[in-house]
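Reading the structure
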Amino acid sequence: MNKKQTVIIYLFFDVLATCLSWFLFYVYRKLYIEPSHTADILHIEYTPRLYLALLTLPLFWIGIYYVTGYYSNICRKSRLIEFGQTFFTTLIGVVILFFSLLLDDYISTHNNYYSLFFTLFCLHFGLTYFFRVIHTTKINRLIHSRKVGFNTLLIGGNANAVQLFHEMQTQIKPSGNKLIGFIQTNQDAQNPLNAFIPCLGTAEDIPQIIEQRQVEEVIVTIDTSEHKLLSQILIRLQRFNVLVWGIPDLYDILSGNQKANNLYSRPLFKISNGIMPVWAVNVKRIMDVVLSILALLIFLPASLLIVVLIKMESRGPIIYTQTRIGRYGKPFNIYKFRSMVTDAETKGPELSSDTDPRITRIGLFLRKTHLDEIPQFINVIIGNMSLVGPRPERQFYIDKLIQKAPQYNLLHKIRPGMTSWGQVKYGYASNVDEMLERLPYDLVYMKNASLYLDIKIMIYSILEVINGNGK
């Protein structure tokens, strides 16, 4: 199922519902609320304010839906959850519109306020949910009829996997998982699942299989008591944008460690990666873009001066680009003001230090104040980076880090950042050992990420820039 096309369909009908509900609300106000109303709908005056509202209100509502995470995981919608989500987002939006646009309207009695609020809420909620439930029902029917599925990889070919396979094949209402094969784990003496679906490889082959087979979901069938093996597998999975499920054992269920899903077959639990909830992730993204645009404007005079100084001191490009590894292991070009001489790495990748002769005089100042990173605000706006997140590294050093600390792969689950908890603590890493010392702080950040923590890290980073403590 094409997720982008599905999102566009939901967006289209959300915009249509917004325009229809506001138009009908406008007609209601003119006919029943305003004292100078006409009795005939054909003679209502459609003012420029109405057309302006029809152009701007969809942006307002789409913004609310985006922030609350409605358009994430778009192909797996529950109509019941969708009802509650639409109800509460409509309530929030109508309250904002009421106090910002409608409270100053001229009315003959205060009871009209209740009528205006109730009418707008009912029109917007009714039309929005009507269009949504039609399309969600259509998608669910395609899934339940097995016409649409999500490529799913099983980890393990044991008896648990065989039982899960049979349950999924005989589901009354299929969950949409299209089982394409399984991965043989080290402890599997036998693979009875091999009689039903193919074995695609071992744990080491997981990255290639996910990319080549376009895997969307993974179900881990090994026991949760196999902590070491489970940890190794999950570390490999973290760098990919896939949904990971596990089969809870009796202890998990009785202790309440995991909340199970799936009503029609064996209960599965979603393996949490500790990242912020969807609404917080979306607010963080909005903050990233807005603050980065402001920062570029604020630093524009300084940037122009830096351009002149770099050009005066040495020949070469003003902006230095380097390939780094970002979210889900995807490479991107990071932008910085050049702080070294040209051809500084003719002998291969090499980290810098405080006494690095390759650093120019203006470059030393830029690094101390972190002003060389101003162009990275462009990376943030594009979406390659965030303001706060683990610093992105080159593949050359990532390979070295993974040899000593495989859990480094966990950091690929989130966008890299211009600054991080580890960056505040250690600054630039001069060697792989310092990268390893910084790693625990980045892992703790990922597991405790919040908007509050982001703001706190940004404040400390600004103080570091002011004090010139960079290196």
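Structure: see above.
Residues numbered from 1 in each chain as written. Predicted model: local features only at pLDDT ≥ 70, side-chain atom pairs only at ≥ 80, totals over all residues. Heavy atoms only, no water.

1. Side note on helix 4 (residues 111–144)
The criterion, for reference: Under the scheme used here, helices are H or I runs from DSSP no shorter than 4 residues and strands are E runs no shorter than 2 residues, and both carry numbers assigned from the N terminus. The span one expects for a helix is its residue count, reduced by one, times 1.5 Å.
For helix 4, which comprises 34 residues, the first-to-last C-alpha distance of 48 Å matches the rise-based estimate of 50 Å (1.5 Å per residue) to within 8%. Within two residues after helix 4, R146 carries a phi angle of roughly 65°, on the positive side.

2. Thoughts on a nonpolar patch on the surface
As a reminder of what qualifies: Patch building starts from residues that exceed 30% relative accessible area and form no salt bridge, then joins like charges within 9 Å and nonpolar side chains (Val, Leu, Ile, Met, Phe, Trp, Tyr) within 5 Å. The Shrake-Rupley method, run with a 1.4 Å probe sphere, supplies the accessible areas, and residue values consider only the shown protein chains as cover. A pairing counts as a salt bridge when a side-chain nitrogen of Lys or Arg comes within 4 Å of a carboxyl oxygen of Asp or Glu. Under the scheme applied here, a residue whose accessible area is under 20% of the maximum for its type counts as buried, over 50% as exposed, and between as partly exposed, the area being computed with a 1.4 Å probe on protein chains only.
Side chains of Y66, I286, V290, L291, I293, L294, L297, I298 and I381 sit close together on the surface and give an oily, nonpolar patch of about 770 Å² of accessible area. Considering each element in turn, the nonpolar patch owes the most residues, seven residues, to helix 9 (residues 278–298). One can find V290 in helix 9. Taking the relative accessible area as the measure of exposure, V290 reaches 43% and is therefore partly exposed.

3. A few points about the pattern of salt bridges
For the structure on display, the rule yields nine salt bridges. We note a salt bridge from E204 to R236, for which the minimum N-O separation is 3.8 Å. Separated by 32 residues along the polypeptide, E204 in the loop between strand 3 (199–202) and helix 6 (206–212) and R236 in helix 7 (residues 227–237) bring together distant segments of the chain. Assessed through its relative accessible area of 25%, R236 is described here as partly exposed. Across the pair E373 and R391 runs a salt bridge whose closest N-O atoms are separated by 3.9 Å. Placement of E373 in the loop between helix 11 (361–369) and helix 12 (376–382) and of R391 in the loop between strand 10 (386–388) and helix 13 (395–404) is noted, with a sequence separation of 18 residues between them. Look at E373 and you get buried, because its relative accessible area is 5%.

4. Observations regarding the packing of helix 3 (residues 79–102) against helix 4
Rules: Axis definition: a line fitted to C-alpha atoms, limited for helices to the stretch in contact. Angles are taken between N-to-C directions and run from 0 to 180 degrees. Reported orientations rely on four angle classes, namely roughly parallel under 35 degrees, roughly antiparallel over 145, roughly perpendicular from 65 to 115, and oblique for the rest. Helix crossings get a hand from a simple test, with the near helix turned counterclockwise from the far one by less than a right angle marking a left-handed crossing and a clockwise turn marking a right-handed one. Basically, the charged four are Asp, Glu, Lys and Arg, the nonpolar ten are Ala, Val, Leu, Ile, Met, Phe, Trp, Tyr, Cys and Pro, and anything else, Gly included, counts as polar.
Relative orientation of the contacting elements helix 3 and helix 4 amounts to 150°, with a least axis distance of 9 Å. One element, helix 3, and the other, helix 4, form an angle in the roughly antiparallel class. Crossing of helix 3 against helix 4: the hand is right-handed. A per-class count over the contact of helix 3 with helix 4 returns 15 nonpolar, seven polar and three charged.

5. A short note on empty space enclosed by the protein
Rules: Points on a 1 Å grid, built from protein atoms alone, make a cavity when a 1.4 Å probe fits but cannot get out and make a pocket when they are open with protein on both sides within 12 Å along at least 5 of 7 lines; residues with an atom within 4 Å of a point are the lining residues. Grid points are joined across faces, edges and corners, and a volume is the space filled by probe spheres set on the points.
According to the stated counting rule, one finds seven cavities of 30 Å³ or more in the structure shown. Volume-wise, the largest cavity comes out at about 190 Å³. Surrounding the largest cavity, 15 residues form its lining, M276, V281, K284, I414 and R415 being those nearest its centre. Within the residue set of the lining of the largest cavity, elements represented by two or more residues are helix 9, strand 10 and helix 15 (432–447). In terms of residue class, the lining of the largest cavity is made up of eight nonpolar, one polar and six charged. Looking at the second largest cavity, its volume works out to about 70 Å³. For the second largest cavity, the full set of lining residues is I325, G326, R327, P390, R391, P392, E393, Y408, L411, H412, I414 and P416. Residue composition of the lining of the second largest cavity, grouped by class: seven nonpolar, two polar and three charged.

6. Details of the environment of S420
The condition is simple: Note on definitions: a residue-residue contact is assigned when non-hydrogen atoms from the two residues lie within 4.5 Å. For this analysis, a polar contact is any N or O atom pair within 3.5 Å, provided that within protein one partner can donate a hydrogen and the other can accept it, and provided that sequence-adjacent residues contribute only side-chain to side-chain pairs.
In this structure, S420 sits in the loop between strand 11 (417–419) and helix 14 (421–426). For the pair S420 and S461, spaced 41 residues apart in the sequence, the C-alpha separation amounts to 8.3 Å. Those residues in contact with S420, other than ones at most four positions away along the chain, are G389, P390, R391, D442 and I457. Here G422 takes part through its backbone nitrogen, which lies 3.4 Å from a polar atom of the side chain of S420. A distance of 2.9 Å separates a polar atom in the side chain of S420 from the backbone nitrogen of Q423.

7. Notes on unusual backbone geometry
A positive phi angle, near 65°, is found at R146, a position not held by glycine. Relative to the helices and strands, R146 is located in the loop between helix 4 and strand 1 (150–155). Overall, R146 belongs to the partly exposed group, its relative accessible area being 44%. Backbone geometry places Q214, a non-glycine residue, at a positive phi of 50°. With respect to the helices, strands and loops of the structure, Q214 is situated in the loop between helix 6 and strand 4 (217–220). Accessibility expressed as a relative area gives 58% for Q214, which makes it exposed.

8. Considering the packing of aromatic side chains
Heads up, the condition is: Any pair of Phe, Tyr and Trp rings, taking the six-membered ring for Trp, is counted once the centres come within 6.5 Å. Such a pair is stacked with planes under 30 degrees apart, edge-to-face with planes over 60 apart, and tilted for the rest. Any Lys NZ or Arg CZ that is within 6 Å of a ring centre and within 35 degrees of that ring's normal is treated as a charge sitting over the ring.
For the structure shown, the criterion picks out 24 aromatic pairs. With 5.8 Å between their ring centres and 75° between their planes, Y10 and Y70 make a pair best called edge-to-face. Here Y10 is found in helix 1 (residues 3–33), whereas its partner Y70 is found in the loop between helix 2 (48–67) and helix 3, with 60 residues between them in sequence. Assessed through its relative accessible area of 1%, Y70 is described here as buried. Relative to F13, the ring of F12 lies with its centre 5.1 Å away and its plane at 80°, an arrangement referred to as edge-to-face. The structure contains a cluster of three or more aromatic residues connected by ring pairs, namely Y10, F60, W61, Y65, Y70 and Y71. Sitting over the face of the ring of Y70, K77 holds its NZ or CZ atom 3.8 Å from the ring centroid. The aromatic ring of Y70 is capped on one face by R132, whose charged end is 3.6 Å from the ring centroid.

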